[in-house]
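# Structure at a glance
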Amino acid sequence: MRFKADRKFERFEDVTPEVLKEEKVELLLCDLDNTLTLRLSKLPAETVEGWVEACRSAGTEVVVISNNISKKRVQSFCEPFGVRCIWSAKKPMSTYLTHVRELLGCEPEHTVMLGDKYSTDMLAAHFAGIRGWKVQPRKKLMKDIEDQAEDELRDQVKAIKKADKAEIKTIKKANKAAAKASKKATKK
Ligand SMILES: [Mg+2]
């Protein structure tokens, strides 16, 4: 059994029309959860729509093949883009990958499975005799972004505190000087 990916990308957006043309991909079978979106996200992101359009402009058809058992969830995500979809696909079984590929009349060498998991997506690709391209699980990427935002926020708070301290020091100094001057003036 082969768990390896033929190519690795950080995110689905990195699979550009240029990459698809260069690799002669005519059919891109695509995992849904943690590949195109977060597991619980219901609304399709605008980036997905633009990306699907870009794939089509490169002559690549996109079909979502998801293990998610909720027909409603998978359909409601894919329908706004007019993307065909399969739910309860039971990857690593390759049945649906091959079924869709044959239905659309695409050769194995021009078909790729894109997904975030070795044990389902990459293995299913292997069983189907097509290439498997791996992306980083979206949830991990989101966490990295959140962590980065948190770090930046912490730095900002630190900077504000530092600036406040400096300002307080200046005010105190000015007050002291004023008090001293007024004392001097009273003495006179
Ligand atoms: Mg997934």
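Everything numeric in this text was worked out from a predicted model, so none of it was measured. Going along each chain's sequence as written, the residues are numbered from 1 onward. A pLDDT threshold of at least 70 governs which residues receive local features in this predicted model, and a stricter bar of 80 or more applies before side-chain atom pairs are shown or counted, although totals over entire chains, interfaces and linings include all residues.

### Looking at the sheet that holds strand 5 (residues 111-115)
- Taken in spatial order, the 6 strands line up as 1-6-5-2-3-4 in an open sheet, and their pairing is parallel. Where the open sheet ends on each side, the last strands, each with one partner, are strand 1 (7-9) and strand 4 (84-86). Each adjacent strand pair in this sheet contributes to an overall mean axis angle of 25°, direction not counted.
- Pairing analysis gives 3 bridges linking strand 3 (residues 61-65) to strand 4, with the strands arranged parallel. In the sheet register, valine 64 faces strand 4, and the bridge partner there is cysteine 85. Note: two strands are recorded as paired if DSSP finds a minimum of 2 bridges between them. In this text, helices come from DSSP runs of H or I with a minimum length of four residues, and strands from runs of E with a minimum of two, each type numbered from the N-terminal end. Where helices are involved, their axes are fitted lines through C-alpha atoms of the stretch in contact, as for all axes, and angles between N-to-C directions lie from 0 to 180°.

### Here we look at the domain arrangement of the chain
- In this document the domain limits rely on a domain assignment from an automatic tool or a database. Each assigned domain of the chain is listed here: domain 1 (7-136) and domain 2 (139-188).
- Its C-alpha centre places domain 1 at a distance of 51 Å from the equivalent point of domain 2.

### Points about the nonpolar core
- Leu29, Val63 and Ile65 are the most contacted members of the largest nonpolar core, which totals 40 residues.
- When residues in this core are grouped by element, the largest group, 5 residues, is from helix 5 (residues 118-128).
- Once C-beta atoms have been placed from the backbone, residue pairs whose C-beta atoms lie within 7 Å are recorded as contacts. Apart from residues no more than four positions distant in its own chain, isoleucine 65 is found in contact with Leu29, Cys30, Asp31, Ile86, Ala89, Tyr96, Leu97 and Val100. Only buried residues count toward a nonpolar core: Ala, Val, Leu, Ile, Met, Phe, Trp, Tyr and Cys, linked into one set through C-beta atoms within 7 Å. Put plainly, a residue is buried at 20 or more neighbouring C-beta atoms within 10 Å of its own, exposed at 12 or fewer, and partly exposed in between, counting only other residues' C-beta atoms, which are placed from the backbone.

### Things to note about the pairing of strand 6 (residues 131-135)
- Counting buried positions over the 5 residues of strand 6 gives 5, a clear majority of the element.
- Side-chain alternation along strand 6 places Arg131, Trp133 and Val135 on one buried face and Gly132 and Lys134 on a second face that is also buried.
- The pairing of strand 1 with strand 6 spans 3 bridges and is parallel. Looking across to strand 6, one finds that arginine 7 is bridged to tryptophan 133.
- As paired elements, strand 5 and strand 6 share 4 bridges and run parallel to each other. Along strand 6, the bridge assignment pairs methionine 113 with glycine 132.

### Here's the deal with the environment of leucine 114
- With respect to the helices, strands and loops of the structure, leucine 114 is situated in strand 5.
- Judged by C-beta crowding, with 26 C-beta atoms within 10 Å, leucine 114 ranks as buried.
- Once the C-alpha coordinates of leucine 114 and valine 64 are considered, the two residues, 50 residues apart in sequence, prove to be 9.4 Å apart.
- In contact with leucine 114, not counting residues within four places along its chain, are Phe12, Val15, Leu28, Cys30, Asp31, Thr35, Trp133 and Val135.

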